[in-house]
Amino acid sequence: MYSGNITKLYLIKIAKWFMLTMPILLLFYQDLGFSVEESFQLKAIYSIAIVIFEIPSGYAADVLGRKKTLIIGSILGTLGFAIYSVTSSFYAFMAAELILGVGQSFISGADSALLYDSLKADGREKEYLKYEGRNFSVGNFSEAIAGFMGGALAEWSLRMPFVFQTGIAFIAVPAAFMLIEPKLYTRTQKATWADIWNVVKYAMLKNKSLRYNIIYSSIIGSATLSMAWVYPLYLKEVGFREIHIGTTSTVLNLIVGFTTLAAYKIERKLKPKSTVFGTTIIITAAFILAGVIHSYWVLPVLVVFYFSRGIATPVLKDYINRITSSEIRATVLSIRSLLIRAFFSILAPMFGYVTDRLSLSQAFMIIGAVFMVLTSSSIFLFLKSLEEGSND
């Protein structure tokens, strides 16, 4: 009955991930005269907006319904890109990033929660990892195609990708309106901030296993998000043109897309411990290697990094979903997204600061060292929680 939601969620994922602007955004900022630090300040504002609204929006998804929050997020996403299409000032972009951040917070968590509950309502929740992998693949295939197209449009004009992006973002609006909300539970009480705090307290304080899953998943998520934003600057510095950066983005996201299709099979074959250790080492070491190499020979490093990203993202989300009940699922996934953006909002300006005052290579090595420290401090507690969960 609810399987039709899957196709509509794919459309929302396409509208959200068909990012013509991502490979050239920082180049667009530079073309307008912004420093690297100012550029990452704008991306930090986006992340801060998500941090502020992530949990309230996730709770709104649990209380008001995933469909309503997905509609709100889709409309705001369209508006944000429309502002980028017609303005050029730092403060106008700041407003656009705030709107895009709020819009993203309303979609993040709600889409995965609706997918899981749609499958659960049809008695197919064991297939979640497969469909989450496919959903993630749809997003990455969209991002892959968009990378090449964005680079090509940027050769014409760095403004053009934003104009086309506005129309693509709008695709999510009718798709969200056509979703059908699964009725797995009924809320009779009015939502309060105390309710939100109770969910946060349960996820981060009371439930030890859930806490370590969220923290570790957030660190890895922040690392993959950081690389997605910084590698175009790297490629530009070593001599790539916009079209070449867009083509590289296409190839890397195709790698992620194909990998996520098989992520559940890979995890099953390698087992959780080997999967977690392997992806962690690759993801964190890639930053340091990039800083050391500083040439087009970084491309093999990026290939392996994106292969690991394709495994880690759906697998780590599935670990969280397995130990989370339906009535708080969107809120819990929103806590994860909040932490990812909180880490990024701190690290992105730091990366820009180091790049402007030292060098891009040194910025890569420093941020890589930071991620190594963060993962080393959490991975063993996370693995222990997985082992305890498998023994329950």
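Structure's up top.
Residues numbered from 1 in each chain as written. Predicted model: local features only at pLDDT ≥ 70, side-chain atom pairs only at ≥ 80, totals over all residues. Heavy atoms only, no water.

(A) Just the pattern of salt bridges, in detail. On inspection of all chains with the given rule, the structure shows 8 salt bridges. Close ionic contact of Lys13 with Asp111 constitutes a salt bridge, the shortest N to O distance being 4.0 Å. Here Lys13 is found in helix H1 (residues 4-17), whereas its partner Asp111 is found in helix H6 (residues 110-121), with 98 residues between them in sequence. Among the ionic pairs, Glu97 bridges to Lys43, the shortest N-O distance being 3.1 Å. You can see Glu97 sitting in helix H5 (residues 90-107) and its partner Lys43 sitting in helix H3 (residues 36-63), a full 54 residues away along the chain. Of the two residues, Glu97 and Lys43, both sit in the buried class. (Salt bridge = Lys/Arg side-chain N within 4 Å of Asp/Glu carboxyl O. Helix = DSSP H or I, 4+ residues; strand = E, 2+ residues; numbered from the N terminus. Buried < 20%, exposed > 50% of the residue type's maximum accessible area, 1.4 Å probe, protein only.)

(B) Local environment of empty space enclosed by the protein. Within the structure shown, the criterion is met by 4 cavities of 30 Å³ or more. One number sums up the size of the largest cavity: a volume of about 970 Å³. Of the residues forming the lining of the largest cavity, the biggest block, 7 residues, is contributed by helix H11 (residues 208-237). Taken together, the residues that form the lining of the largest cavity break down as 24 nonpolar, 13 polar and 11 charged. In this structure, the second largest cavity occupies an estimated 60 Å³ of space. Lining the second largest cavity, in full, are Tyr216, Ile220, Thr275, Val276, Thr279, Ile311, Ala312, Val315, Leu316 and Tyr319. Counting residues per element, the lining of the second largest cavity draws most heavily on helix H15 (residues 299-322), which supplies 5 residues. Considered class by class, the residues forming the lining of the second largest cavity number 8 nonpolar, 2 polar and no charged. (1 Å grid on protein atoms, 1.4 Å probe; cavity = no way out; pocket = protein on both sides within 12 Å on 5 of 7 lines; lining within 4 Å. Points joined across faces, edges and corners; volume = space filled by probe spheres on them. Nonpolar A, V, L, I, M, F, W, Y, C, P; charged D, E, K, R; others polar.)

(C) Looking closely at the nonpolar core. Ranked by size, the top nonpolar core spans 74 residues in total, and within it Tyr29, Phe40, Tyr84, Met227 and Phe364 carry the most contacts. Per element, the largest residue contribution to this core is 13 residues, and it comes from H11. Leaving out residues up to four positions away in the same chain, Tyr29 has contacts with Phe34, Ser39, Leu42, Lys43, Tyr84, Phe93 and Glu97. Counting residues in hydrophobic clusters, the runner-up holds 23 residues, among them Leu9, Ala61, Leu115 and Tyr131. (Core = buried A, V, L, I, M, F, W, Y, C linked by side-chain atoms within 4.5 Å. Contact = heavy atoms within 4.5 Å.)

(D) Representation of the packing of H11 against helix H14 (residues 272-293) within the structure. It is at 11 Å that the axes of H11 and H14 come closest, and there the two elements cross at 30°. Overall, the two elements H11 and H14 adopt an arrangement that is roughly parallel. Where H11 crosses over H14, the handedness of that crossing is left-handed. Counted together, Tyr216, Ile220, Ala223, Thr224, Ser226, Met227 and Tyr234 of H11 and Val276, Thr280, Ile283, Ala286, Phe287, Ala290 and Ile293 of H14 form the full contact between these two elements. Here the contact of H11 with H14 is built from residues that sort into 11 nonpolar, 3 polar and no charged. (Axes fitted to C-alpha atoms, helices over the stretch in contact; angles between N-to-C directions. Parallel < 35°, antiparallel > 145°, perpendicular 65-115°, else oblique. Left-handed = near helix turned anticlockwise from the far one by under 90°.)

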